[in-house]
Amino acid sequence: MDRIRIVGGQALNGVIQISGAKNAALPLMIASLLTQETLTLENIPSLADVGMLLRILGHHGVDHSIDGRRLGAAPHASRAIHLTAKTIVDTMAPYELVSKMRASFWVIAPLLARMGEAKVSLPGGCAIGTRPVDLLIMALEKLGASVEIEAGYVHATAPKGLIGAEIHFPKVTVGGTHTALMAASLAKGHTLIVNAAREPEIVDLADCLNKMGARIKGAGQSAIEIEGVGALSGASHSVLPDRIEAGTYAIAVAMASGDVVLEGARADLLQSALDVIEQAGATISVTNEGLRVRRNGAGLSPVDVTTAPFPGFPTDLQAQFMALMTKAKGSSRITETIFENRFMHVQELARLGAHIRLEGDAALVEGVDELQGAPVMATDLRASVSLVIAALAAQGETMVNRVYHLDRGFEHLEDKLGGCGAIIERLSGAG
Ligand SMILES: CC(=O)N[C@H]1[C@@H](OP(=O)(O)OP(=O)(O)OC[C@H]2O[C@@H](n3ccc(=O)[nH]c3=O)[C@H](O)[C@@H]2O)O[C@H](CO)[C@@H](O)[C@@H]1O
Ligand SMILES: C=C(OP(=O)(O)O)C(=O)O
């Protein structure tokens, strides 16, 4: 298992290229199941989750090819993938594949909409909460599917096709909204999604589906209307930049100090996070290339944050921001409202000398003057990178174990931080 070694204390200076968003790339790739023509997706990040999803899609009969890097392209430029689901060879998604990545459950929507049937393993639980799929099933049932859960599999059938309906989500769900969008695109008639997720990745999926011939209006707002069509066609679409990656590096600069341009980052995708990072003491400006983040050596201010669906502060940046607050001059309160168990990083940050107390859904962080390097263990994707951020500002050496979590969602992390002056290296196969 790989480990990452970091020696703290270096400021970050330079340019970091922001990759295509994992959380947009995954549903976009799944949308390829909706058409027998080729869907070309540009700016696909090279990540473990993308590789895993290619395997899952291949199991259903999707052929893919990946463009090589063009001459002169930046070394970390993301790639284009062509996906063709000419024939769906299997509508069953097995436990062995789905249990490794939650988003793979979403294949249920296009398989059901196109083939009238899908049998998909319940997704695995993971370290951040129970993450049920009841609302995704409710959406499919509203569209006329019969759904049964048997032996750990969700079996959905709609032999005569799906029928447009009103889907009212009692709680904002990103996966539920992706599922409803894909299924309703091929349903007969009109669908209204009420209390839809407004995340930029939802808008990206809707934009791509519209290029494929879907008729979706209102993505990015809480009410989305879809007029179903008989078939979708191929299209070409570029994945939007990863707002969570951009926010993560902005927090890293705030923590380590320095001056970094986040090339390709878009402020409109993460304004609420940028606002609190600025309140904490960084200076952020929009440039022609993306975002410039600076902090001199002055102390960090404590800031309270509460996670919320978009446009609120994203839960996927909660752990990283907590790492930053461990060195603030005073105490801050970080409240997690999306996932009930997303504080696994707290005990690992404590190994580095952080003072954090948990109180229900909140973490009370008492800033300390110095963190000390230590061996730590990555527990989930964003928790892992929060340890990297803390390590950048800790005295001495930190060894982050179990970095396969990081590889799910951060493309070339060591190269990107190392290129800006961090002392960071991957130790392959050890530990
Ligand atoms: C691949 C991807 O895009 N993952 C993101 C997606 O996950 P994901 O789509 O799984 O998250 P959801 O938005 O669905 O979850 C939000 C909340 O709704 C609950 N819920 C969800 C579905 C359901 O059927 N029943 C139910 O109760 C969840 O347990 C959670 O408490 O959105 C999350 C919230 O922004 C992000 O942290 C994840 O990074
Ligand atoms: C929780 C995340 O991803 P997933 O939904 O794929 O587990 C994440 O991206 O932070």
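Here the structure is a predicted model, which means the values were calculated and not measured. Residue positions are given per chain, counting from 1 as you read along its sequence in written order. Here the convention is simple: chains get letters from A, ligands get numbers from 1, in the order in which they are written. Restriction of local features to residues with pLDDT of at least 70 applies here, the model being predicted, together with a cutoff of 80 or more for giving and counting side-chain atom pairs; totals for whole chains, interfaces and linings are based on all residues.

Re the site of ligand 2
For step 1, the next point in the chain: As a rule, any residue with its backbone-derived C-beta atom within 6 Å of a molecule or strand is reported as near that molecule or strand. Inspection of the region around ligand 2 gives nine residues, with Arg102, Ala103, Asp316, Leu381 and Arg382 positioned closest.
For step 2, the next point in the chain: In terms of residue class, the shell around ligand 2 is made up of four nonpolar, two polar and three charged.
For step 3, the next point in the chain: No fewer than three residues from each of domain 1 (3–17 + 298–427) and domain 2 (22–238) sit in the shell around ligand 2. Here the term charged refers only to Asp, Glu, Lys and Arg, the term nonpolar to Ala, Val, Leu, Ile, Met, Phe, Trp, Tyr, Cys and Pro, and the term polar to all other amino acids, Gly among them. As annotated, the domain borders come from an automatic or database domain assignment.

Re the site of ligand 1
For step 1, the next point in the chain: Taken together, 21 residues lie around ligand 1, and Asn23, Leu135, Thr173, Val174 and Gly175 are the ones closest in.
For step 2, the next point in the chain: Residues lining the shell around ligand 1 come from more than one domain, with at least three contributed by each of domain 1 (3–17 + 298–427) and domain 2 (22–238).

Re the UniProt feature "binding site: UDP-N-acetyl-alpha-D-glucosamine" (unreviewed entry) in the protein chain
For step 1, the next point in the chain: UniProt positions are given in the numbering used here, feature names are shortened, and annotations may be inferred rather than shown by experiment. The UniProt record annotates "binding site: UDP-N-acetyl-alpha-D-glucosamine" (unreviewed entry) at Arg102, Arg131, Pro132, Val133, Asp134, Leu135, Asp316 and Ile338.
For step 2, the next point in the chain: Residue position: Val133 is located in the loop between β7 (117–121) and α5 (134–142).
For step 3, the next point in the chain: Secondary structure elements follow DSSP: runs of H or I of four or more residues count as helices, runs of E of two or more count as strands, with numbering from the N terminus. Within the secondary structure, Asp134 is located in helix α5.
For step 4, the next point in the chain: Think of it as a crowd count around each C-beta: if 20 or more other C-beta atoms lie within 10 Å the residue is buried, if 12 or fewer it is exposed, and in between it is partly exposed, with C-beta placed from the backbone throughout. Asp134 sits in the exposed class, given 11 other C-beta atoms within 10 Å.

Thoughts on the pairing of strand β20 (residues 355–359)
For step 1, the next point in the chain: β20 sits mainly on the outside: zero of its five residues count as buried.
For step 2, the next point in the chain: Judged from the five bridges that link them, β20 and strand β21 (residues 362–366) form a sheet pairing that is antiparallel. Following the sheet pairing, Glu359 is matched in β21 by Ala362.
For step 3, the next point in the chain: A pair of strands counts as paired when DSSP detects no fewer than two bridges linking them. Linking β20 back to β21 in an antiparallel pair, the connection comprises two residues, with Gly360 at a positive phi of about 65°.

A closer look at the packing of helix α4 (residues 108–115) against helix α6 (residues 174–185)
For step 1, the next point in the chain: Simply put, an axis is a line fit to the C-alpha atoms, just over the touching stretch for a helix, and the angle between two N-to-C directions goes from 0 to 180 degrees. One can describe the packing of α4 onto α6 by two numbers: an axis separation of 8 Å at closest approach and a directional angle of 15°. Classified by the angle their axes make, α4 and α6 are roughly parallel. Relative to α6, α4 is oriented so that their crossing is right-handed. Of α6, the residues touching α4 (which contributes Ile108, Ala109, Pro110, Leu112 and Ala113) are Thr179, Met182 and Ala183. Under this scheme an angle from 65 to 115 degrees is roughly perpendicular, one under 35 degrees roughly parallel, and one over 145 degrees roughly antiparallel; angles in between are oblique. Should the near helix be turned counterclockwise from the far one by less than a right angle, the crossing is left-handed, whereas a clockwise turn marks it as right-handed. Whether two residues are in contact is decided by their C-beta atoms, placed from the backbone, lying within 7 Å.

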